[in-house]
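Read off the chains here:
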Amino acid sequence: MGYITTNDGVEIFYKDWGTGQPIVFSHGWPLSSDDWDAQLMFFLANGYRVIAHDRRGHGRSTQVGDGHDMDHYADDLAALTAHLDLHDAIHVGHSTGGGEVAHYIARHGESRVARGVLISAVPPLMLQTEANPGGLPKKVFDDIQLQVATNRSGFYRDLPSTAFYNFNRPGVEPVEAIIQNWWRQGMMGGAKAHYDGVVAFSQTDFTEDLKKISVPVLVMHGDDDQVVPYADSAPLSAELVQNGTLKTYAGFPHGMPTTHADTINADLLAWLKS
């Protein structure tokens, strides 16, 4: 574990365990590298070097007031990979982290990258526009920002209790430890970073980024994702990249790397070995 300092003075916390081919994990909003615990332990045990960082303003990284946009997220990731001198790296991103991975590869090139993985990821574009009629209305994201600004602790309790893990679906039993861990991670980060991050994950159009990616990309998504709806995300991303594979999970939630870690980990390992 350690910190790097970016060119604009932000300290980025990261974990770096093991040896072998590196897998770099980019977390979702508004969480931290801790959200990857199940993946870090699994792939470490399978002979990989596992690396995960806290995005600027999140987790243990500096709660800076600016730079909460995809350009800075991608540049921070590039700074980390350069600091660790990573080569032949596999980049895995969940939700907002999927956007970070796509933008990083397109913006900084593929010289250090072997493969990409997008899990329940926000690309190509979440926001509803004339060109993207299947997206979500801007009011959805305005309401999230309002909750972050005025009721963050309560909102961070409600979201994992319901839509994030599909604990609001009939027959799905809520897991209190998962809910509390989500709240814990969210409250570790800064409100300003989380507020601005809503714009970053919802309004960034990753279409051109995806078109530039030529390394193999695995797109994993649940068809009952209530946070990043399936139809306007995963199938489109898999088509836009040059070498994409789509893996669809019937009934799985947005937070499936946690609730269905055994399945996600096994499928990802099988793809990496294929």
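Refer to the structure above for everything that follows.
So, here's what we can say about the structure. (Residues numbered from 1 in each chain as written. Predicted model: local features only at pLDDT ≥ 70, side-chain atom pairs only at ≥ 80, totals over all residues. Heavy atoms only, no water.)

1. Re the layout of surface pockets
Consideration 1: Here the largest pocket defines a volume of roughly 250 Å³.
Consideration 2: Contributions of two or more residues to the lining of the largest pocket are made by helix 4 (138–150) and helix 5 (152–161).
Consideration 3: Element by element, the count of residues in the lining of the largest pocket is highest for helix 4, at 3 residues. (1 Å grid on protein atoms, 1.4 Å probe; cavity = no way out; pocket = protein on both sides within 12 Å on 5 of 7 lines; lining within 4 Å. Points joined across faces, edges and corners; volume = space filled by probe spheres on them. Helix = DSSP H or I, 4+ residues; strand = E, 2+ residues; numbered from the N terminus.)

2. Some thoughts on empty space enclosed by the protein
Consideration 1: Inspection of every chain in the model, using the stated rule, returns 2 cavities of 30 Å³ or more.
Consideration 2: Its volume calculated, the largest cavity comes out at about 60 Å³.
Consideration 3: Residue lining of the largest cavity: Val-122, Leu-125, Met-126, Gly-134, Gly-135, Leu-136, Val-228, Pro-229, Asp-232 and Ser-233, and that is the complete set.
Consideration 4: Each residue belonging to the lining of the largest cavity can be placed in one class, and the counts come to 6 nonpolar, 3 polar and 1 charged.
Consideration 5: Counted as a void, the second largest cavity has a volume near 30 Å³.
Consideration 6: Taken together, Val-101, Ala-102, Ile-105, Gly-116, Val-117, Leu-118, Ile-213 and Val-217 make up the lining of the second largest cavity.
Consideration 7: For the lining of the second largest cavity, the secondary-structure elements that each account for two or more residues are helix 3 (96–108) and strand 6 (113–119).
Consideration 8: Tallied by class, the residues present in the lining of the second largest cavity amount to 7 nonpolar, 1 polar and no charged. (Nonpolar A, V, L, I, M, F, W, Y, C, P; charged D, E, K, R; others polar.)

3. Here we look at the pairing of strand 4 (residues 49–53)
Along any regular strand, the residues point their side chains to alternate faces of the sheet.
Consideration 1: Where burial is concerned, most of strand 4 is hidden: 5 out of the 5 residues are buried.
Consideration 2: Residues Arg-49, Ile-51 and His-53 point to one face of strand 4 and Val-50 and Ala-52 to the other, with burial holding for every one of them.
Consideration 3: Of the strand pairs in this sheet, strand 2 (residues 11–17) and strand 4 are connected by 4 bridges, and their pairing is antiparallel. What sits directly across from Lys-15, in strand 4, is Ala-52.
Consideration 4: The pairing of strand 3 (residues 22–26) with strand 4 spans 4 bridges and is parallel. Paired with Val-24 across the bridge in strand 4 is Ile-51. (Buried < 20%, exposed > 50% of the residue type's maximum accessible area, 1.4 Å probe, protein only. Pairing = 2+ DSSP bridges.)

4. Considerations on the pattern of salt bridges
Consideration 1: Tallying each qualifying case throughout the model produces 18 salt bridges.
Consideration 2: Note that Asp-75 is salt-bridged to Arg-107, the shortest N-O span being 2.8 Å. Taken as a pair, Asp-75 in helix 2 (residues 70–83) and Arg-107 in helix 3 lie far apart in primary sequence, 32 residues in all.
Consideration 3: With relative accessibility at 28%, the residue Asp-75 sits in the partly exposed group.
Consideration 4: Its relative accessible area of 41% is what places Arg-107 among the partly exposed residues.
Consideration 5: The salt bridge partner of Lys-138 is Asp-142, with a shortest N-O separation of 2.9 Å. Within this pair, Lys-138 and its partner Asp-142 are both found in helix 4, separated by 4 residues, close to a single helical turn. (Salt bridge = Lys/Arg side-chain N within 4 Å of Asp/Glu carboxyl O.)

5. Describing the sheet that holds strand 6
Consideration 1: Sheet architecture is open: 8 strands sit in the order 1-2-4-3-5-6-7-8, paired in mixed fashion. Edge positions in the sheet fall to strand 1 (2–5) and strand 8 (244–249), since each has one partner strand and no second. Sheet twist, expressed as the mean angle between neighbouring strand axes with direction ignored, is 20 degrees.
Consideration 2: Taken together, the 4 bridges between strand 1 and strand 2 define a ladder with antiparallel strand orientation. When the bridges of strand 2 are listed, Gly-2 appears paired with Tyr-14.
Consideration 3: Along the sheet, helix 2 makes contact with strand 1, strand 2, strand 3, strand 4 and strand 5 (89–94), crossing strand 1 at roughly 115 degrees. (Axes fitted to C-alpha atoms, helices over the stretch in contact; angles between N-to-C directions. Contact = heavy atoms within 4.5 Å.)

6. Here's the deal with helix 11 (residues 261–273)
Consideration 1: For helix 11, built from 13 residues, the straight-helix expectation of 18 Å at 1.5 Å per residue is met to within 8% by its first-to-last C-alpha distance of 18 Å.
Consideration 2: Of the positions making up helix 11, those classed as buried are Ala-261, Ile-264, Asn-265, Leu-268, Leu-269, Trp-271 and Leu-272. Buried residues of helix 11, seen end-on, are gathered within an arc of 160 degrees and therefore sit on one face of the element. Exposed side chains of helix 11 directed beyond 90 degrees from the buried face belong to Asp-262 and Lys-273. (Expected span 1.5 Å × (residues − 1). Arc of directions from axis to C-beta.)

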